[in-house]
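Chain residues, written in single-letter form:
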Amino acid sequence: MEVMDEFSWNSIISGYMQWGQVEKAWELFEEMPIRRNVICWTAMINVYGKERDFVEMLSFFRQMLVSADDVQPNSVTMVTALIYMYFKCGDLEKAQRFFDGVSCRKLPSWNAMITGYVQRGLLEKEIDLYRRTKALLVKPNEITLVNVLSACASLGNAMMLGMAYNGDGRDAIAVFSQIESCGLKPIDATFIGVLSACNHSGLVEEGEVQFSCIYDKHGSPPNIEHYACMVDLLGRAGHLEEAYELVQNMVIPTDSIIWGALLSACLIPSESQ
């Protein structure tokens, strides 16, 4: 068998990382019979950044500096590691200032900033940064896109909940439809948002459709909060028998939240009662 060079080892390790097989990439990295170059070390450092394990990433960076491979970090490694470090320490201003001062920014540096903003919940800043990458023709990779999609879903959830509590049910449902059309997978909070919107706007039929879609369309069994939203929706509309039947047919155990919602529904004056 032909002896593999550094390029071959780096390619195989990168391949494992692209497919999310971090442990295999790590095992191969440890077993490399030749000197590991800065490209290989940087690739592994970026893996921990992708996994948002900043402590391990910085630890790995320190290992590189003292390893027998005698590797000196390049500009990409240094910039990425320092940005992650600033975010880990909560110093967002220094992270941004350092990033802005870099003359030639590479994709790992952009990803470090984007990941940091997502971790800190600064979703609008993260999306604005992504727009800058597009304007500068920086080609995103899977790390970039995962973070952007996560931010979009979180912002969508916040918008829906805000609209729900203001009685703008149909607008909230429109946002939910946009989230689905963008290929984003709704999470539990997304379903709670759309069900709450139906509840506060009295959209009973739409609420029933959305509740059924949790499992029928998205394959996720409704949780206790989803059931509570539906019981409250039906109760407020005066459909007490339907609310009670829903509770009786629940596929998960009932709890005080469900019975509390049903009891509250019984206390709401309704012509149908």
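I will try to describe carefully the structure that is included in this document. Remember, predicted model here, so these are calculated numbers, not experimental data.

Helix and strand counts for the chain come out as 15 helices and zero strands. Per-residue burial for the chain yields a buried fraction of 42% across its 273 residues. Of all intrachain contacts in the chain linking residues separated by at least 6 positions in sequence, the fraction that spans at least 24 positions is 59%. Accessible surface computed for the chain: about 14,900 Å², of which carbon and sulfur atoms make up 55%.

For the rest of this paragraph, the subject is the pattern of salt bridges. A side chain with one charge may pair with a side chain of the opposite charge, provided their charged atoms come close. By the definition in use, this model includes three salt bridges. Note that R132 is salt-bridged to D100, the shortest N-O span being 4.0 Å. On the criterion of sequence distance, the pair formed by R132 in helix 8 (residues 123–135) and D100 in helix 6 (residues 92–101) is long-range, its members being 32 residues apart. In this structure, R236 and D232 form a salt bridge, with 2.9 Å as the shortest nitrogen-oxygen distance. Here the residue R236 and the residue D232 both occupy positions in helix 13 (residues 224–236), the gap between them amounting to four residues, near one helical turn.

This part takes up the nonpolar core. Formed by 31 residues in total, the largest nonpolar core has its most connected members in M160, L195, F211, M230, V231, L246 and I258. Elements with a minimum of two residues in this core: helix 9 (142–165), helix 10 (169–181), helix 11 (188–201), helix 12 (204–216), helix 13, helix 14 (240–248) and helix 15 (256–266). The element best represented in this core is helix 13, accounting for eight residues. Excluding residues within four positions of it along the chain, F211 makes contact with L195, P222, H226, Y227, M230 and L246.

On to the environment of G207. Considering the arrangement of structural elements, one finds G207 in helix 12. For G207, a relative accessible area of 0% puts it in the buried group. Distance from G207 to L233, taken between C-alpha atoms, is 7.8 Å for residues 26 residues apart in sequence. Apart from the residues lying within four places of it in its own chain, the contact partners of G207 are L195, C198, M230 and L233.

Glancing now at the side chain of Q210. Tracing the backbone through its elements, the reader meets Q210 in helix 12. Given the relative accessible area of 10%, Q210 is considered buried.

Right, let's get into the packing of helix 11 against helix 12. One can describe the packing of helix 11 onto helix 12 by two numbers: an axis separation of 9 Å at closest approach and a directional angle of 165°. In terms of orientation, helix 11 and helix 12 fall into the roughly antiparallel class. In terms of crossing hand, the pair formed by helix 11 and helix 12 is left-handed. When helix 11 is examined against helix 12, the residues F191, V194, L195 and C198 are found in contact with a partner set consisting of E206, G207, Q210, F211 and I214.

Its place among the elements puts N223 in the loop between helix 12 and helix 13. Taking relative accessible area as the criterion, N223 reaches 17% and is therefore assigned buried. Here D188 takes part through its side chain, which lies 3.4 Å from a polar atom of the side chain of N223.

On to the packing of aromatic side chains. Taken as a whole and judged by the stated rule, the model has three aromatic pairs. Ring centres of F99 and W110 lie 4.9 Å apart, and the angle between their planes is 80°; this geometry places the pair in the edge-to-face category. One end of the pair, F99, is in helix 6; the other, W110, is in helix 7 (residues 107–119), and eleven residues separate them in sequence. Residue F99 shares its accessibility class with W110, and that shared class is buried. Ring centres of F176 and F191 lie 6.2 Å apart, and the angle between their planes is 55°; this geometry places the pair in the tilted category. Here F191 lies in helix 11 and F176 lies in helix 10, a separation of 15 residues in the sequence. On the accessibility criterion, F191 (2% relative accessible area) is buried.

Right, let's get into the packing of helix 14 against helix 15. At a closest axis distance of 10 Å, the pairing of helix 14 and helix 15 adopts a crossing angle of 170°. In terms of axis orientation, helix 14 runs roughly antiparallel to helix 15. Two secondary-structure elements touch here, helix 14 through L240, A243, Y244, V247 and Q248 and helix 15 through I258, W259, L262, A265 and C266. For the contact of helix 14 with helix 15, the class distribution of residues is nine nonpolar, one polar and no charged.

Parameters at a glance
Residues numbered from 1 in each chain as written. Predicted model: local features only at pLDDT ≥ 70, side-chain atom pairs only at ≥ 80, totals over all residues. Heavy atoms only, no water. Helix = DSSP H or I, 4+ residues; strand = E, 2+ residues; numbered from the N terminus. Buried < 20%, exposed > 50% of the residue type's maximum accessible area, 1.4 Å probe, protein only. Contact = heavy atoms within 4.5 Å. Areas by Shrake-Rupley, 256 points an atom, 1.4 Å probe, with all protein chains shown as cover. Salt bridge = Lys/Arg side-chain N within 4 Å of Asp/Glu carboxyl O. Core = buried A, V, L, I, M, F, W, Y, C linked by side-chain atoms within 4.5 Å. Axes fitted to C-alpha atoms, helices over the stretch in contact; angles between N-to-C directions. Parallel < 35°, antiparallel > 145°, perpendicular 65-115°, else oblique. Left-handed = near helix turned anticlockwise from the far one by under 90°. Polar contact = N/O pair within 3.5 Å; in protein donor to acceptor, adjacent residues only side chain to side chain. Phe/Tyr/Trp six-rings, centres within 6.5 Å; stacked < 30°, edge-to-face > 60°. Nonpolar A, V, L, I, M, F, W, Y, C, P; charged D, E, K, R; others polar.

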